[in-house]
Amino acid sequence: MKKVWEKKEKSLAEIISSRGTYRFSEQLFNDIPDVKSRLGKGSGNMIVSNSFDKLPDILTKERKSKDDYKILGRYKGKREYRYIQRKYVLDNDFINFYNIFVPKANGRGVLGEILSTPLIGNPLEGSTDTFISIGSFTTNEEVKAAIKYIKSKFARVMLGILKITQDNPKSVWAKIPLQDFTSNSDIDWTKSIHEIDEQLYRKYNLSEEEIEFIETKVKEMN
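Position numbers for residues count from 1 along each chain, tracking the sequence in the order it is written. Under the rules for a predicted model, residues below a pLDDT of 70 receive no local features and side-chain atom pairs below 80 are neither given nor counted, while totals for whole chains, interfaces and linings still include all residues. Each side-chain value is derived from all of the structure's non-hydrogen atoms; neither hydrogens nor water enter the calculation.

Draft legend 1. Just the side chain of lysine 153, in detail. Strands are runs of DSSP state E lasting at least two residues, helices are runs of H or I lasting at least four, and both sets are numbered from the N terminus onward. Here lysine 153 is to be found in helix α5 (residues 153-159). Buried, partly exposed and exposed residues are distinguished by accessible area as a fraction of the type maximum, computed with a 1.4 Å probe on protein chains only: under 20%, between the cut-offs, and over 50%, respectively. A relative accessible area of 6% means that lysine 153 is categorised as buried. A distance of 3.2 Å separates a polar side-chain atom of lysine 153 from the backbone oxygen of glutamate 215. We call two residues contacting when some pair of their heavy atoms lies within 4.5 Å. Sequence-distant contacts of lysine 153, that is, excluding residues within four places in its chain, are made with Asp197, Tyr201, Ile214, Glu215, Val218, Lys219 and Glu220. N or O atoms within 3.5 Å of each other form a polar contact, as long as, within protein, one can give a hydrogen and the other can take it, and as long as residues adjacent in sequence are counted only when both atoms are side-chain atoms.

If you want it as structure tokens, here you go:
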């Protein structure tokens, strides 16, 4: 950690969403007054994990308009998407850009553990609070580079510095350095994840012992 942060780069946490980033607008509660009672107390206007179950008439399986937002969540233990009118969701810094969706709860806090299938989100896609968003990227090339980065052994070892439980909020990503995910980067993101790891080891001047530790202790992600 000390060796990596000698470069004094920004943190990846700076582009990660906080809990409650995706929220219902006041217009929803005005148009359909019983929404609050259906959601129950404690969630406020957040698009929470049980919204798919509680609001099937608002978060629908079928897209009703090409302008609808697409929302990722979990329903009966499985990842699913629902659609909602744009007027019923507050604008935020992520939903109009490319993002990566990662579960807010993942693994057990073991150093370098595999992430539960990160997904690329396109513009106009959001999620329930079951997930966090990593973004916001203006191009598809950037988001594809970023998902390679978070799958790398290097990034997952850095994540393990603060992530010591199942919980996976924005705060535990703070020790992962932010990279330039454009073609101007000092990392060639067109390479395989393994080759990207090798570039990162060189960038941060890791010793052979440190590299061997990471390579032998951390499983690959495709």
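Don't stop here, the text continues.
Draft legend 2. Geometry of the packing of aromatic side chains. Centres within 6.5 Å are what make two rings of Phe, Tyr or Trp a pair, Trp counting through its six-membered ring; a difference in plane orientation under 30 degrees is then read as stacked, over 60 as edge-to-face, and the rest as tilted. As enumerated under the stated definition, the model contains six aromatic pairs in all. Consider the rings of tyrosine 149 and phenylalanine 181, whose centres lie 5.7 Å apart with planes at 55°: the pair is tilted. Of this pair, tyrosine 149 sits in helix α4 (residues 140-151) while phenylalanine 181 sits in the loop between α5 and α6 (193-203); the two residues are 32 residues apart in sequence, bridging distant segments of the chain. For the pair tyrosine 149 and phenylalanine 181, one class covers both residues: buried. Seen in terms of ring centroids, tyrosine 149 and tryptophan 189 are 5.8 Å apart; in terms of plane orientation they differ by 75°. Their pairing is edge-to-face. Remark: tryptophan 189 occurs in the loop between α5 and α6 and tyrosine 149 occurs in helix α4; sequence separation between them is 40 residues. Each member of the pair, tyrosine 149 as well as tryptophan 189, is classed as buried. Among the aromatic side chains, those forming a connected cluster through ring pairs are Phe137, Tyr149, Phe181 and Trp189. Two conditions define a charge located above a ring, namely a distance within 6 Å from the ring centre to NZ of Lys or CZ of Arg, and an angle within 35 degrees of the ring normal. Over the face of the ring belonging to phenylalanine 29 we find lysine 36, whose NZ or CZ atom lies 5.3 Å from the ring centre. The side chain of lysine 70 reaches across the aromatic face of tyrosine 81, ending 4.5 Å from its centre.

Draft legend 3. Layout of the environment of serine 192. Relative to the assigned elements, serine 192 resides in the loop between α5 and α6. Measuring from C-alpha to C-alpha, the distance between serine 192 and leucine 115 comes to 18 Å, with 77 residues separating the pair along the chain. Among the polar contacts made by the side chain of serine 192, one reaches the side chain of glutamate 195 at a distance of 3.0 Å.

Draft legend 4. Up close: the sheet that holds strand β3 (residues 98-103). Strands are labelled as partners when DSSP assigns at least two bridges between them. The strand order across the open sheet formed by three strands is β4-β3-β6, and the pairing between neighbours is antiparallel. Strands at the two margins of the open sheet, each flanked by one partner only, are β4 (119-121) and β6 (131-137). In this sheet, adjacent strand axes meet at a mean angle of 30° when their direction is disregarded. All axes are obtained by fitting lines to C-alpha atoms, using only the stretch in contact for helices, and the reported angles, taken between N-to-C directions, cover 0 to 180 degrees. Where α4 meets the sheet, it contacts β3, β4 and β6, and its direction lies at approximately 25° from that of β3.

Distances and angles like these do not, on their own, reveal function.
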